[in-house]
Amino acid sequence: MTNSTEKVQISFHAQGLKNVAGAFKGTSDPFAVITLVASEPGQAPKILGKTEVIKNNLSPHWTKKFEADYNFAKVTKLTI
């Protein structure tokens, strides 16, 4: 297998999030921060960006898309 890197486009959604808005404050307004986890020692994680806020929705489908380099020969990890 060759050591090939390609750009990939990723989008996200969530389902059944916990309502953390608090009593009498309605429903949560979720967003997500997407971070590319460091793959080698000494390498810093890279924040790819933040989704838009979806008002009053515990199962949001965010429209923002993120681009990342993907190497088919390596494991790539994201935190959300």
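Just above, that's the structure.
Position numbers for residues start from 1 in each chain and track the written sequence from start to end. Only residues with pLDDT of at least 70 are given local features in this predicted model, and only at 80 or more are side-chain atom pairs given and counted; all residues enter the totals for whole chains, interfaces and linings. Water and hydrogen atoms play no part in the side-chain values, which are based on all heavy atoms of the structure.

Q: Before we move on, could you go through the sheet that holds strand β2 (residues 33-36) and cite the residues and values that matter?
A: The pairing criterion for strands is at least two bridges between them, as found by DSSP. Where helices and strands are cited, they refer to DSSP runs of H or I of at least four residues and of E of at least two residues respectively, numbered from the N terminus. Here we have 3 strands laid out as an open sheet, ordered β3-β2-β5, and antiparallel in their pairing. Each of the sheet's edge strands pairs with one partner strand only, and the pair in question is β3 (46-50) and β5 (78-79). Relative to β5, β2 runs antiparallel, the two sharing 2 bridges. When the bridges of β5 are listed, Thr-35 appears paired with Thr-79.

Q: Residue-level account of the side chain of Asn-71, with values.
A: You can see Asn-71 is positioned in strand β4 (residues 66-71). Pairing of N or O atoms within 3.5 Å defines a polar contact, subject to two protein rules: one partner must be a possible hydrogen donor and the other a possible acceptor, and residues neighboring in sequence count only if both atoms are side-chain atoms. Side-chain polar atoms of Asn-71 contact the backbone nitrogen of Ala-73, separated by 2.8 Å. Any two residues whose heavy atoms approach within 4.5 Å at even a single point are treated as in contact. Filtering out sequence-adjacent residues up to four positions away, Asn-71 remains in contact with Asn-3, Ser-4 and Thr-5.

Q: Tell me what's going on with the side chain of Ser-28, and back it up with residues and numbers.
A: Along the polypeptide, Ser-28 turns up in the loop between β1 (5-10) and β2. Accessibility here uses a 1.4 Å probe with only protein chains present; expressed as a share of the type maximum, an area under 20% marks a residue as buried, one over 50% as exposed, and anything in between as partly exposed. Looking at Ser-28, the relative accessible area reads 8%, which means it is buried. In contact with Ser-28, other than residues within four places in its own chain, are Lys-18, Asn-19, Val-20, Ala-21, Ile-54, Lys-55, Asn-56, Asn-57 and Leu-58.

Q: An account of unusual backbone geometry is requested, with residue identities and associated values reported.
A: Comment: phi is negative for the bulk of residues other than glycine, and the bulk of peptide bonds are trans. For Phe-24, which is not glycine, the phi torsion reads 65° and is therefore positive. Inspection of the secondary structure puts Phe-24 in the loop between β1 and β2. Its relative accessible area of 89% is what places Phe-24 among the exposed residues. Positioned with a positive phi, Asn-56 is a non-glycine residue whose angle comes to about 50°.

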